Amino acid sequence: MRGCTRLALLCALPWLMPLVAPGRPAPPAALRRDPRNPARGAEFDRIYSGVVSLPTENIYSFNYTSQPGQVTAVRVYVNSSSENLDYPVLVVVRQQKEVLSWQVPLLFQGLYQRSYNYQEVSRTLCPSEATNETGPLEQLIFVDVASMAPLGAQYKLLVTKLKHFQLQTNVAFHFTASPSQPQKKDFPGEQFFVVFVIKPEDYACGGSFFIQEKENQTWNLQRAKNLQVTIVPSIKGSVYVKSILLSLVIFFSFYLGCLFVAFIHYIRFWRKSTDGSFGSNDGSGNMSVSNPIAASTPEGSNYGAIDESSSSPGRQMSSSDGRQPCQSDTDSSVEESDFDTMPDIESDKNIIRTKMFLYLSDLSRKDRRIVSKKYKIYFWNIITIAVFYALPVIQLVITYQTVVNVTGNQDICYYNFLCAHPLGVLSAFNNILSNLGHVLLGCLFLLIVLHRDILHRRALEAKDIFATEYGIPKHFGLFYAMGVALMMEGVLSACYHVCPNYSNFQFDTSFMYMIAGLCMLKLYQTRHPDINASAYAAYASFALVITLTVLGVVFGKNGMWFWLIFSAIHILASLALSTQIYYMGRFKIDVSDTDWKMFRRAAVVFYTDCIQQRSRPLYMDRMVLLIVGNLVNWSFALFGLIYRPRDFASYMLGIFICNLLLYLAFYIIMKLRSSEKILLIPFFCIVATAVVWAAALYFFFQNLSSWEGTPAESREKNRECILLDFFDDHDVWHFLSATALFFSFLVLLTLDDDLDLVRRDQIPVF
């Protein structure tokens, strides 16, 4: 037994000699694999060098005392000259409640499978704060440096206390960060941290990538950013209250304005009825309160209209001709099955609608109740569409917002961060609040239409001849649909701004397509009440447009094939629609012509009439409109084919808006050419529409963010608030666009009020 003890001392002698040899210091603050004896008092702000290998592991111990109310943060720097990625230096930092680890060299993956190896890595440790209850706390930190390298790996270690770890309000802090050395700062009081991470390549932030020469591949390893951070206090609760009240006051003032106008109209009507001056204008300036059909008209005033004394099928104006006297004027007696049982003969339509000069009496021959009920389908269908469209959208944006709140990833949503004011779980409440105008003004427009509808129904129940045979036929179904579409535009725009990004931008534009389409249908229906599109065909067309928009968003970026197909569809659709409009829906194609002779006949007719004989078009006004419209649409198709804009949804919306403005301008010009008047209210609405749209577009083009680029590029466009320190330029666009749409709807609603006392056989069709 004594021999075994001597043998053990002899074996341990080589290991004990360095410890007692004079002039050789003991290794400071490092321990070799002895968990019972932790490293002794390593010092802050001192550089420790060493070599670690498979059998060697170094542990450093740092301790300090944190006082109540004092935050002491520690940063650990590790540098290694080794470039061997198979045997990196492994660093493990242990605190009282946390463990942090990394390796050196630190590997980052870049674009095109590029890799970047950083040989200097640093991290900030989260401090444990002492409180008055706990008193001073003794903090202990262990830094474990190891490697599996068989030949050893060199390293350098530096642990420092941060002097400027806490951010202060309205005080700028300057520091430097790199991909391998992110920075973390603490803001006292609110208990949140700010972490700054630098990407290894510009592409991750700016969308661009600069390739260096092959012999120089280390340029990204020196990437460092000099940062300046300033914490600014958020706005007070009183600013939220003022902004909400301002929004309500602005839009409820429109309600008061409409009540004032209605009161003025009531006073004027009451005075006219008291004076007995209320009568009808027969188109020649004469006023009459007797049967307007019997009133005499100047010679030639009925040129192109149906002769009242003839028995032509087109003469169905008076109540004795078109309906039984005892027939009810309510819609309850009309069933949807009656729509296809109207006594309209195809040859009749060809005779009436292909006349050179058409008047409203020629195109308002169908039973009013049947036509009115057909237009009401627009209203009920759009409500159904709105419900089924909005519910999944709301669910999706709630999911987006939840992900942002849980992960803290601010790159998911493209806000204007310089003017994004949160409320509850919403990150940008101001962008949502500014859409309130669409909802309130849409509701107001519905109330105005309802009031007109009720007055018209009362006139019909009273057998008022001015309601049945004078002025533009009153059908309010499209107006109701337009009001609902305006409200839904506000709802879906608010949903989009919960988390604006590339994926859900279509929510912000879907009902804008419907608004533009419904407005064009309403303009056409005004002078063509009997031949307008059915609600089912119209909404099916809108569904096709939205489908094309989704395909454009997905494939329109780089798919040349998509732009070729879309441009062809666009041009062919423009030609087909132009043909139907020019011939009032009476153009037919004989599909039984299997040998394609119809194309040969069309070419012969075009060559004979237009080139040889140079014949004048039969419907010149319509021809001018359609030529200009086709040129505009072909220009859009050519522009898309050449430039292939990334924002396909806005490109498609621009097509709709331009066609609507072109048709509205044509309508107003033709109205003035026909010696019709524009009353004071529609004139005011036209001017207000033009002015407000011009101002709205100015704010619309102030790009504050853009999901077309990277999140970093989008933030470069961010701007400060401009109204009440709460609303930015895009919020002002929401306010003004809602107002402009409201005035635009009023233009369509009141534009032909001057014809209420004019006989329908003297109202031209254009």
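Placed above this text is the structure.
Notes on the structure follow. (Residues numbered from 1 in each chain as written. Predicted model: local features only at pLDDT ≥ 70, side-chain atom pairs only at ≥ 80, totals over all residues. Heavy atoms only, no water.)

**Remarks on the sheet that holds strand S1 (residues 47-52)**
Here is the rule we go by: At least two DSSP bridges between two strands are required for those strands to pair. Labels follow the DSSP assignment, with helices taken as runs of H or I lasting at least four residues and strands as runs of E lasting at least two, numbered in each case from the N terminus. To obtain an axis, a line is fitted to C-alpha atoms, over the contacting stretch when the element is a helix, and the angle between two such axes runs from 0 to 180 degrees between their N-to-C directions.
With antiparallel pairing, the 4 strands of this open sheet are ordered in space as S1-S10-S3-S8. Edge positions in the sheet fall to S1 and strand S8 (120-125), since each has one partner strand and no second. Ignoring strand direction, the axes of neighbouring strands in this sheet form an average angle of 20°. Sheet topology places strand S3 (residues 74-79) next to strand S10 (residues 153-161); 6 bridges connect them, and they run antiparallel. Its bridge partner lying in S10, Val74 is registered against Lys161.

**Digging into helix H13 (residues 560-582)**
Threshold: Multiplying 1.5 Å by the residue count of a helix minus one yields the expected span of that helix. Type-normalised accessible area, obtained with a 1.4 Å probe on protein chains alone, sets the label of each residue: buried when under 20%, exposed when over 50%, and partly exposed for intermediate values. Contacts are residue-level and defined by heavy atoms, with any inter-residue pair within 4.5 Å sufficient.
Relative to the 33 Å expected for 23 residues at 1.5 Å per residue, H13 spans 33 Å between its end C-alpha atoms, a close match to the ideal helical length. Looking at H13, one finds that the buried residues are Phe562, Trp563, Phe566, Ser567, His570, Ser574, Ser578 and Tyr582. The secondary structure elements touched by the buried residues of H13 are helix H12 (535-555), helix H15 (620-643) and helix H16 (648-673).

**Details of the state of the cysteines**
Filter applied, for reference: By convention in this document, the label disulfide applies to cysteine sulfur atom pairs within 2.5 Å.
Applying the stated rule across the entire model yields 2 disulfides. Disulfide pairing is shown between Cys413 and Cys499; the S-S distance is 1.8 Å. Across the disulfide from Cys413 to Cys499, rotation about the S-S bond amounts to roughly -95°, and the bridge is consequently left-handed. Within this pair, whereas Cys413 is found in the loop between helix H6 (368-407) and helix H7 (429-433), its partner Cys499 is found in the loop between helix H10 (477-498) and helix H11 (506-527), the two being separated by 86 residues in sequence. Judged by relative accessible area, which is 0%, Cys499 ranks as buried. Each disulfide pairs two cysteine sulfurs, and for Cys419 the partner residue is Cys721, the sulfurs being separated by 1.9 Å. Judged by the sign of its S-S torsion, about 110°, the bond between Cys419 and Cys721 is right-handed.

**Here we look at the pattern of salt bridges**
The line we're drawing: Salt bridges are counted wherever a side-chain nitrogen of Lys or Arg sits within 4 Å of a carboxyl oxygen of Asp or Glu.
Summed over the entire model, instances satisfying the criterion amount to 10 salt bridges. Two residues, Lys474 and Asp756, come together in a salt bridge whose shortest N-O distance is 3.1 Å. Of this pair, Lys474 sits in the loop between helix H9 (465-469) and H10 while Asp756 sits in the segment after helix H19 (729-750); the two residues are 282 residues apart in sequence, bridging distant segments of the chain. Note on Asp756: relative accessible area 28%, which makes it partly exposed. Between Asp752 and Lys671 there is a salt bridge; the shortest N-O distance is 2.8 Å. Of this pair, Asp752 sits in the segment after H19 while Lys671 sits in helix H16, placing them 81 residues apart in sequence. The class of Lys671 is buried, set by a relative accessible area of 0%. The network of salt bridges with common partners includes Arg527, Lys671, Glu676, Asp752 and Asp754.

**Digging into the packing of aromatic side chains**
Let me state the cut-off plainly: Pairing of aromatic side chains here covers Phe, Tyr and the six-membered ring of Trp, requires ring centres within 6.5 Å, and sorts the geometry by plane angle: under 30 degrees stacked, over 60 edge-to-face, intermediate tilted.
Scanning all chains against the criterion turns up 49 aromatic pairs. Arranged with centres 5.3 Å apart and planes meeting at 75°, the rings of Phe466 and Tyr470 form a pair that is edge-to-face. Residue class for Phe466 comes out buried when judged on its relative accessible area of 18%. Overall, Tyr470 belongs to the buried group, its relative accessible area being 1%. The structure contains a cluster of three or more aromatic residues connected by ring pairs, namely Tyr240, Phe251, Phe254, Phe429, Phe684, Phe726, Phe727, Phe735, Phe742 and Phe743.

**Observations concerning the pairing of strand S4 (residues 89-94)**
Side-chain alternation along S4 places Val89, Val91 and Val93 on a buried face and Leu90, Val92 and Arg94 on a face that remains uncovered. Bridge count between S4 and strand S5 (residues 99-104): 6 bridges; the pairing is antiparallel. Its bridge partner lying in S5, Arg94 is registered against Val99. Between S4 and S5, which pair antiparallel one after the other, the connecting turn spans 4 residues. The pairing of S4 with strand S9 (residues 137-147) spans 6 bridges and is classified as antiparallel. Paired with Arg94 across the two strands is Phe142, which belongs to S9.

**Structural notes on a nonpolar patch on the surface**
Selection criterion: The residues that make up patches have over 30% relative accessible area and no salt bridge, and they are joined within 9 Å when like-charged or within 5 Å when they are Val, Leu, Ile, Met, Phe, Trp or Tyr. Each accessible area is a Shrake-Rupley result for a 1.4 Å probe, and residues are judged covered by the shown protein chains and nothing else.
A grouping of Val550, Leu551, Val554, Phe555, Trp561, Ile565 and Ile569 is seen on the molecular surface, where their side chains present a nonpolar patch of about 610 Å² in accessible area. If you list the elements that add at least two residues to the nonpolar patch, you get H12 and H13. A total of 4 residues in the nonpolar patch trace back to one element, the largest contributor, which is H12. Positionally, Leu551 belongs in helix H12. Relative accessible area serves as the criterion here: at 34%, Leu551 is assigned to the partly exposed category.

**Let's talk about the sheet that holds S9**
Reading across from one edge, S2-S9-S4-S5 is the order of the 4 strands in this open sheet, with antiparallel pairing throughout. Only two strands of the sheet have a single neighbouring strand rather than two, namely strand S2 (58-66) and S5. Ignoring strand direction, the axes of neighbouring strands in this sheet form an average angle of 15°. When S2 meets S9, the two strands line up antiparallel, connected through 9 bridges. Bridging from a neighbouring strand, Thr65 pairs with Glu138 of S9.

**Digging into the environment of Met487**
Structurally, the position occupied by Met487 is in helix H10. Here the alpha-carbon distance between Met487 and Asn435, two residues 52 residues apart in the chain, equals 9.4 Å. Once residues within four sequence positions are removed from consideration, Met487 is found in contact with His438, Val439, Gly442, Cys443 and Leu446.

**So, the nonpolar core**
Operational definition: By convention a nonpolar core is built from buried Ala, Val, Leu, Ile, Met, Phe, Trp, Tyr and Cys residues, the set being connected through side-chain atoms within 4.5 Å.
In this structure, Tyr378, Ile382, Phe445, Leu518, Phe566 and Met652 are the most contacted members of the largest nonpolar core, which totals 96 residues. If we skip the residues at most four places from it in the chain, Leu518 touches Tyr378, Ile382, Leu478, Ala481, Met482, Ala485, Tyr539 and Phe542. Judged by nonpolar contacts, the second largest core, of 26 residues, contains Phe44, Val52, Val74 and Val76.

**Things to note about the environment of Phe142**
Mapped onto the elements of the fold, Phe142 is located in strand S9. For the pair Phe142 and Ile59, spaced 83 residues apart in the sequence, the C-alpha separation amounts to 6.7 Å.

**Some words on H12**
Over its 21 residues, H12 extends 30 Å from the first C-alpha to the last, a length consistent with the 30 Å expected when each residue adds 1.5 Å. Among all positions of H12, only Ala535, Ala538, Tyr539, Phe542, Val545, Ile546, Leu548, Thr549 and Gly552 are buried. As for H12, its buried residues are in contact with H6, H10, H11, H13 and H16.

**Regarding the environment of Leu360**
Inspection of the secondary structure puts Leu360 in the loop between helix H5 (346-353) and H6. Of the residues examined, Leu360 reaches a relative accessible area of 0% and is grouped as buried. Those residues in contact with Leu360 that lie beyond four places of it in its chain are Gly471, Ile472, Pro473, Thr526, Arg527, Pro529, Arg760, Ile763 and Val765.

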